[in-house]
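Commentary on secondary and tertiary structure
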Amino acid sequence: MNRTVSRAVVLLASTAVATTGLAVLSTATHAAEVGENCHVVTTGTADWAMRTSFNSYLEGPIANGALYKYKGGIEVRDGVETSGERATRQFTWPVSGSNDGEINFGGGVHWTGHNHYTGDDASQAPDNFILDLDISNPTIEFNGTQATLLVDYKSREFVDTTTVAGFLSGTQAELATITLDEAIDLTTPSVTVIGETVPTAAGVDVMGGFYPAGDALAPITLNLTNEVVCDEPQEPETPETPDATTGSSEGGILGIVGILAALGGIGAVVYNYLVSAGIIAAY
Ligand code: HEM
């Protein structure tokens, strides 16, 4: 089925998409149209550094300094972009989908530090970070200005400064609650909102228990674009083009009728001549 994307719904509300024949939806009609042949597709990003002081600690001398033979750091993957370092480190997470009341982001970030291994076999190093935290695929569930941040995570538990402990892990676990500066409205063409994030009890554990409950994580900024995508109605079947040259369609039939009509006209002329010449009697 063909699909038409109407971008910037409100900006184009007074015009029609001439090339497709699809009227662009106004915000007023948007909600009614979505759910019939149309639905909203959300794209964009979330800027979320997780926690600025944590990035500064991790990329500094405490977690990855001269004390350690093998250093860790911060790695991003699957579409997450990063800029800055230490306290200015930022992560930009790409939207991967949306639903009513939910926006999904893709990609992951991996933080490693405090490497406990001192031997010469470098292949041992990756498994010896006492601090080994991975967060991926954030989701924001929202309702008005209240929202929840869910993530997939894997984090070595903090036991003590010499133990490489086992991993805690979770899938779409509630990491933090978010208070937004305004409600997210996916029926508008663009959304820019900022949220304050506070870790849940589970979020505190994911961070090694170093933050007291209620201590804020980094703010999150959502920059979203919403498009209404509609399925075009099926085109009616195009009738076969008449083709007199092949004689295989209506054109051929019309041609034969025309020839017979022409022959009839010639017959009438001959008949009139024969009557007028007295060769035959008129009937
Ligand atoms: C050898 C093991 C570790 C040592 C020696 C260590 C040491 C430290 C120290 C000294 C600080 C205070 C930093 C500051 O005030 O600037 C700190 C903070 C912190 N550590 Fe560790 N740590 C270790 C393991 C871990 C692990 C396994 C985690 C788990 C995620 C972790 C998470 C944190 C966090 C979240 C902070 C607070 C950073 C901030 O926002 O300021 N640490 N650590």
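The present account deals with the structure reproduced in this document. The structure displayed is predicted, hence computed values, not measured ones. (Residues numbered from 1 in each chain as written. Predicted model: local features only at pLDDT ≥ 70, side-chain atom pairs only at ≥ 80, totals over all residues. Heavy atoms only, no water.)

Another point: the overall build of the protein chain. When you go through the protein chain residue by residue, the secondary structure sums to five helices and 14 strands. The buried share of the protein chain, reckoned over its 283 residues, is 37%. Of the roughly 15,700 Å² of accessible surface on the protein chain, a fraction of 56% belongs to carbon and sulfur atoms. (Helix = DSSP H or I, 4+ residues; strand = E, 2+ residues; numbered from the N terminus. Buried < 20%, exposed > 50% of the residue type's maximum accessible area, 1.4 Å probe, protein only. Areas by Shrake-Rupley, 256 points an atom, 1.4 Å probe, with all protein chains shown as cover.)

Counting protein donors to the iron atom of the ligand gives just one, Tyr57 (OH), placed at 2.0 Å. Looking at the secondary structure, you find tyrosine 57 in helix 2 (residues 52-58). (Donors = N, O, S within 2.8 Å, 3.2 Å for Na, K, Ca; no water.)

On to the side chain of aspartate 152. Turning to its location among the elements, aspartate 152 is positioned in strand 11 (residues 146-156). For the buried aspartate 152, which has no salt bridge, the nearest side chain bearing the opposite charge is arginine 77, at an N-O separation of 7.7 Å. At 2.7 Å, the side chain of aspartate 152 forms a polar contact with the backbone nitrogen of glutamine 172. (Lys, Arg positive; Asp, Glu negative; His and termini not counted. Salt bridge = Lys/Arg side-chain N within 4 Å of Asp/Glu carboxyl O. Polar contact = N/O pair within 3.5 Å; in protein donor to acceptor, adjacent residues only side chain to side chain.)

Let us now look at the pattern of salt bridges. Summed over the entire model, instances satisfying the criterion amount to five salt bridges. Note that aspartate 134 and arginine 77 form a salt bridge whose closest N and O atoms lie 2.9 Å from each other. Here arginine 77 lies in strand 5 (residues 73-77) and aspartate 134 lies in strand 10 (residues 129-143), a separation of 57 residues in the sequence. Look at the salt bridges and you will find they share partners, linking Arg77, Asp78 and Asp134 into a network.

So, on to the pairing of strand 4 (residues 38-48). As paired elements, strand 4 and strand 14 (residues 220-231) share 11 bridges and run antiparallel to each other. Looking at strand 14, one finds that aspartate 47 is bridged to threonine 221. In terms of strand pairing, strand 4 meets strand 7 (residues 90-99) through three bridges, oriented antiparallel. The partner of threonine 45 across the bridge, within strand 7, is proline 94. (Pairing = 2+ DSSP bridges.)

Turning to the site of the ligand, a few remarks are in order. The immediate surroundings of the ligand are formed by 14 residues, with Ser53, Tyr57, His114, Ile130 and Tyr211 found nearest. With respect to the ligand, the side chain of histidine 114 contributes an N or O atom lying 3.0 Å from a nitrogen atom. Take tyrosine 211: an N or O atom from its side chain is 2.5 Å from an oxygen atom of the ligand. Listing elements by their share of the shell around the ligand, those giving two or more residues are helix 2 and strand 10. The element contributing the most residues to the shell around the ligand is helix 2, with three residues. Class assignment for the residues of the shell around the ligand results in nine nonpolar, four polar and one charged. (Near = heavy atom within 4 Å. Nonpolar A, V, L, I, M, F, W, Y, C, P; charged D, E, K, R; others polar.)

A few words now on the state of the cysteines. Considering all chains together, one arrives at one disulfide under this definition. Shown here is the disulfide that connects cysteine 38 with cysteine 230, its sulfur atoms set 2.1 Å apart. Because the sign of the S-S torsion sets the handedness, a value of about 110° for the bond joining cysteine 38 and cysteine 230 places this disulfide among the right-handed ones. Residue cysteine 38 is found in strand 4, and its partner cysteine 230 is found in strand 14; the two are separated by 192 residues along the sequence. Owing to a relative accessible area of 6%, cysteine 38 belongs among the buried residues under this scheme. For cysteine 230, a relative accessible area of 3% corresponds to the buried category. (Disulfide = S-S within 2.5 Å.)

Note that every value here comes from positions in space, so none of it alone points to a role or purpose.
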